[in-house]
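Structural overview for review
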Amino acid sequence: MRLIDTGPELELQVEDTGVASPPTRCPHIFDPYRRPPRAGGTGLGLAIVRGIVDAHGGRVTAESREGKGSRFTVLLPRA
């Protein structure tokens, strides 16, 4: 996890080295009940993250490289 002060925003990056999703799944990764095949859970975690970030006027993105891992970035305004 990394926290970066970019001036008008705070940037929080969370990375993993898991299997990762194919890049084609990234546009839908924050949709409720979306989860990779054979994954556990309900598929609500990232949808909840997006809801909290949106409520604070921020944005969240995901990057994924199959077999390498994923990076999730949360950008929150200072004010």
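Below is a short write-up of the structure. Bear in mind that the values here come from a model prediction, so they are computed numbers and not experimental data.

Conventions and cut-offs
- Residues numbered from 1 in each chain as written.
- Predicted model: local features only at pLDDT ≥ 70, side-chain atom pairs only at ≥ 80, totals over all residues.
- Heavy atoms only, no water.
- Patch = residues over 30% accessible without salt bridge, like charges linked within 9 Å, V, L, I, M, F, W, Y side chains within 5 Å.
- Areas by Shrake-Rupley, 256 points an atom, 1.4 Å probe, with all protein chains shown as cover.
- Salt bridge = Lys/Arg side-chain N within 4 Å of Asp/Glu carboxyl O.
- Helix = DSSP H or I, 4+ residues; strand = E, 2+ residues; numbered from the N terminus.
- Contact = heavy atoms within 4.5 Å.
- Core = buried A, V, L, I, M, F, W, Y, C linked by side-chain atoms within 4.5 Å.
- Buried < 20%, exposed > 50% of the residue type's maximum accessible area, 1.4 Å probe, protein only.
- Pairing = 2+ DSSP bridges.
- Axes fitted to C-alpha atoms, helices over the stretch in contact; angles between N-to-C directions.

**Concerning a nonpolar patch on the surface**
- Together, Leu 3, Leu 10 and Leu 76 give the surface a local cluster of nonpolar side chains, amounting to about 250 Å² of exposed area.
- Here Leu 3 is to be found in strand β1 (residues 2-5).

**Observations regarding the side chain of Thr 73**
- Checked against the element boundaries, Thr 73 lands in strand β4 (residues 69-77).
- Beyond its immediate stretch of four places on either side in the chain, Thr 73 contacts Glu 11, Leu 12, Gln 13, Arg 59, Val 60 and Thr 61.

**Brief notes about the nonpolar core**
- Core analysis: the biggest nonpolar cluster contains 7 residues, these being Ile 29, Phe 30, Val 53, Val 60, Ala 62, Phe 72 and Val 74.
- At the level of elements, β3 (59-65) and β4 are the ones that each hand at least two residues to this core.
- Once residues within four sequence positions are removed from consideration, Val 53 is found in contact with Gly 58, Arg 59, Val 60, Val 74, Leu 75 and Leu 76.

**So, the sheet that holds β4**
- Reading across the sheet, the 4 strands line up as β1-β2-β4-β3 and stay open at both edges, with antiparallel pairing between neighbours. Since the sheet does not close on itself, it has two edges, and those belong to β1 and β3, each with one partner. The average angle at which neighbouring strand axes cross in this sheet is 15 degrees, direction not considered.
- Pairing analysis gives 7 bridges linking β3 to β4, with the strands arranged antiparallel. Along β4, the bridge assignment pairs Ser 64 with Ser 70.

**A word on the pattern of salt bridges**
- Considering all chains together, one arrives at 5 salt bridges under this definition.
- Between Glu 15 and Arg 2 there is a salt bridge; the shortest N-O distance is 2.4 Å. Placement of the pair is Glu 15 in strand β2 (residues 9-16) and Arg 2 in strand β1, with a sequence separation of 13 residues.
- Overall, Glu 15 belongs to the partly exposed group, its relative accessible area being 42%.
- According to the relative accessible area criterion, Arg 2 is partly exposed, its value standing at 40%.
- The closest approach of N and O atoms between Arg 59 and Glu 9, which form a salt bridge, is 2.6 Å. Remark: Glu 9 occurs in strand β2 and Arg 59 occurs in strand β3; sequence separation between them is 50 residues.
- A residue is classified by how much of its surface remains accessible, and Arg 59, at 43% relative accessible area, is partly exposed.

Purely geometric numbers; function is a separate question.
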